[in-house]
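Here is how the chains run, residue by residue.
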Amino acid sequence: MATTNGPARLTVARFAGLDDATVEFEPGVSVVTGRDAADRTPLLWGLAAALGSDELPFNEGFDGGRIELAVESETYTRSFVREGDRVVASGDPYLEDSTTADLFAFLLGSDEARQAVTGERDLRALVTHSVDIDAVNEEIADLHAERAELDDRIAELSTLESERPRLRERRDELDAAVERLETELADRRETLARIEPLAVDTDADARTETDADASDAETRADRLRELNAALDDAQFELEAERESLDALDAELDEVESALASCPADPAGELDELTDELSESRARKRRLDADITDVQRTLRFNEQFLTSGTSPVTASAGEDGGADDDRVVCWTCGTSVPEASIESTLDQLRTLRDDRREERAELTDRLERLQERRSELEDQRRRRRDLETRREELRREHDERRARVEDLETQRDDLESDIADLRRDAEAAESDDRAAVLAAHREVNRVEFELERRREERAAVVDDLDSLEAQLDRRADLEARQDEIDDRISECRGRIERLERAAVSAFNDRMADVLDALEYDPLARLWIERRSDGDALDDADTALTGRFVPHIERRTDDGTVYEDVIDHLPASERELIGLVFAVAGYLVHEVSDEVPFFVLDSVEAIDADLVRRLLAYVGQDADYVVVGLSGENAQSLPDSYRRFRAQ
């Protein structure tokens, strides 16, 4: 704790009913007194506001003000201006972020920490306020995101694995085809080798042919081989194009069928949904603002209604006569029946609950509208993708149809040329030479088919090797999944250890506070961490559960038993709330952030308990400022400095 030795000066101008006030606080305990809470509380609010708090229940009559705090050779100034239905703050307060101080250092009547322990709320956020659990939860969220990606990749590999049997079957088919063609090629070559010498002998017996005739025959044979090779190429390419064309027809039929069953473009409904979403979001923002304003008004008035010296519970008359049933309204200053104040608050509570219910219904409607819009946008994208694919298929179909027609024309021309050449060869050559040419043609055909099958097999083997390589990675991916699961378990264990340590620290501090208060009827106050069966929260990041408060009471004969907080009288519930809040002040080391500890609305607590509590807190806080009535303030030590709020 950074110790402050000098005084601190607070100047308030037109703030929450105070026209002008200047107070100088010395280190130690300072007591702000007044006729009632209406005199004391605005000064304490001003101090909290100068230190950085924005959690102040300004009423509708508040139209602005200015606060200045001089402490530690620095001056901090804040101004407040009403803009419509809200109050806007400006300036440079002591704290840039007053979240922790609002909970545990500025213990005003509506303080969240004081109210939480007696309001059946989960205390997790308050107990772990200064514990860095968010970073661990973010790490868990990142790990879950990575694991989801791994799940998707492994699922893709499982889909690819179904392709492996097909590729292996096709590879085996091609192996058999290559083996068959190699055997056939060997047979064709053997036949050619056997009949070529016979053709040579026949030529020897007919040496009367001229050299020109022999040259013509050889030229025709070469030309015939070229035409047969070209015909085989054209026929193979034609078959491939026809297969592709059939596949295109099938896919085009599928796309046309999908388009026929796909809903029309929902542009009109999308525009209506967008407008309705915009209107609903605007309505929800207005409801949020209404609920916030009503809640602030309720907090302010409920504080005074529950205070023993609240202006709305003080008699409007001085002689206690017929006016005893009338009270002075804090907001307008007129004398009204007390029941009318309570009735107005009931109406505000009903209005708040109605607005909350409407907001919940509106939130559900926003979710349904957003889901419907996403569904329509998916339909639109699906239809546009199908239309684009249909146009692509139609263009490719026309191109391949034209290519098939060209290949058919080329094939017909080649077959016609071959037929003509064969007729010429048959007229000019002997039967033996025709047999040699036919054998050459068969050898060429088998060689071409064999090469084509070998190329296809090589492509299939490449695809299979690539698939095997990808599937081999699955073991690594699954090992990484196990690592992520272990890491998530480790992070959850770390969160559990941090939470248990925070609970233990709170329990120790609350025991210290109770010892200092010397209040025997309250034997023990502690927090239990319940894990709710180790269930996971919505984000699947951390263990859920509740931090539940427990109490033990002690009877006059020393018997200790566990009781329920709701069964306690109001004074003891207030005391428990203070014990919890002070424990949070110490556990979260709030004195390192702000040198002030501000306390108000303790009229329900015995004055001796308040005195011991102030002495205990004063060991850590440089400045302890408490608001008390004059009667309660008299029981405090004379060394405490006193101020009377005006």
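Residue numbers run consecutively from 1 along every chain, following the written order of its sequence. Local features in this predicted model are restricted to residues whose pLDDT is 70 or higher, and side-chain atom pairs enter the listing and the counts only when it is 80 or higher, whereas totals over whole chains, interfaces and linings include all residues. The side-chain figures draw on all heavy atoms in the structure; neither hydrogens nor water molecules are used.

This part is about the overall build of the protein. The secondary structure listing takes helices from DSSP runs of H or I that are at least 4 residues long and strands from runs of E that are at least 2 residues long, numbered from the N terminus. From N to C terminus, the protein includes 14 helices and 15 strands. Sequence-distant contacts, at least 24 apart, represent 74% of the contacts inside the protein between residues at least 6 apart. Whether two residues touch is decided by their heavy atoms; if any such pair falls within 4.5 Å, the residues are in contact.

Partly exposed residues are those whose accessible area sits between 20% and 50% of the maximum for their type, while under 20% is buried and over 50% is exposed, using a 1.4 Å probe and protein chains only. Going residue by residue along strand S13 (residues 596–599), you find Phe596 and Val598 tucked away on one face and Phe597 and Leu599 tucked away on the opposite face as well. Strand pairing is assigned whenever DSSP identifies at least 2 bridges connecting the two strands. Note that strand S7 (residues 106–107) and S13 share 2 bridges and pair parallel. Bridge pairing in S13 links phenylalanine 106 to valine 598. Of the strand pairs in this sheet, S13 and strand S14 (residues 623–629) are connected by 4 bridges, and their pairing is parallel. Within S14, the residue paired with valine 598 across the bridge is valine 625. A crossover links S13 with its parallel partner S14, the connecting element being helix H13 (residues 607–617), and its sense is right-handed. Handedness of a crossover: with both strands directed away from the viewer, a clockwise path from the first strand across the helix to the second marks it as right-handed.

As a further point, take the packing of aromatic side chains. The geometry of an aromatic ring pair is captured by two quantities: the separation of the ring centres and the angle between the planes. What counts as a ring pair is set by centres within 6.5 Å for rings of Phe, Tyr and Trp (its six-membered ring), and what kind of pair is set by the plane angle: stacked under 30 degrees, edge-to-face over 60, tilted for all other angles. Applying the stated rule across the entire model yields 7 aromatic pairs. Ring centres of phenylalanine 25 and phenylalanine 596 lie 6.1 Å apart, and the angle between their planes is 80 degrees; on these two criteria the pair is classed as edge-to-face. Of this pair, phenylalanine 25 sits in strand S2 (residues 18–25) while phenylalanine 596 sits in strand S13, and the two are 571 residues apart along the sequence. Grouping residues by exposure puts phenylalanine 25 and phenylalanine 596 together as buried. Taking the centre distance of 5.1 Å and the plane angle of 65 degrees together, the rings of tyrosine 76 and tyrosine 94 count as edge-to-face.

The predictor's confidence in any single residue is recorded as pLDDT, a number from 0 to 100. Summing up the model confidence of the protein, the mean pLDDT is 83 and the portion of residues at 70 or higher is 85%. Between the elements of the protein, mean pLDDT differs from a low of 61, seen in strand S8 (residues 326–328), to a high of 95, seen in S13. In this model residues 202–211 is a low-confidence stretch, pLDDT under 50, and it forms 3 contacts with partners more than four residues away in sequence or in other chains. Considering only residues more than four positions removed or in separate chains, one finds that residues 534–542, a stretch of pLDDT under 50, has 20 contacts.

Moving on, we come to the packing of helix H11 (residues 474–517) against helix H12 (residues 570–587). When two helices pack together, you describe them by how their axes are tilted relative to each other and by the distance separating the axes. Axes, fitted as lines to C-alpha atoms, cover a helix only where it is in contact. Angles between the N-to-C directions of the axes lie from 0 to 180 degrees. For the pair H11 and H12, interaxial distance at closest approach is 9 Å and the crossing angle is 125 degrees. By the angle class used here, H11 and H12 are oblique. For the element pair H11 and H12, the recorded crossing hand is right-handed. Between H11 and H12, the contacting residues are Ala505, Phe506, Arg509, Met510, Val513, Leu514 and Leu517 on the first element and Leu575, Val579, Phe580, Val582, Ala583, Gly584, Leu586 and Val587 on the second. Per-class residue counts for the contact of H11 with H12 are 13 nonpolar, 1 polar and 1 charged. Here the angle decides the label: under 35 degrees means roughly parallel, over 145 means roughly antiparallel, 65 to 115 means roughly perpendicular, and every other value means oblique. Crossing chirality is assigned from the near helix's rotation relative to the far helix, an anticlockwise turn below a right angle marking it left-handed and a clockwise turn marking it right-handed. In this count, Pro and Cys sit with the nonpolar residues alongside Ala, Val, Leu, Ile, Met, Phe, Trp and Tyr, while Asp, Glu, Lys and Arg are called charged and the others, Gly among them, polar.

Residue placement: glutamine 481 occurs in helix H11. In this structure glutamine 481 touches Arg147, Leu150, Asp151 and Ile154, once residues within four positions along its chain are discounted.

So, on to the sheet that holds strand S10 (residues 522–530). If you trace the 3 strands from one edge of the open sheet to the other, you get S10-S11-S12, paired in antiparallel fashion. Edge positions in the sheet fall to S10 and strand S12 (560–563), since each of these pairs with one other strand and no more. Here the strands of the sheet are splayed against their neighbours by 30 degrees on average, with no regard to which way each runs. Note that S10 and strand S11 (residues 546–554) share 8 bridges and pair antiparallel.

What follows covers the sheet that holds S2. Here we have 5 strands laid out as an open sheet, ordered S2-S1-S4-S5-S6, and antiparallel in their pairing. Two strands bound the open sheet, and with one partner strand each, they are S2 and strand S6 (86–92). Across the sheet, the mean angle from the axis of one strand to that of its neighbour is 10 degrees, orientation sign disregarded.

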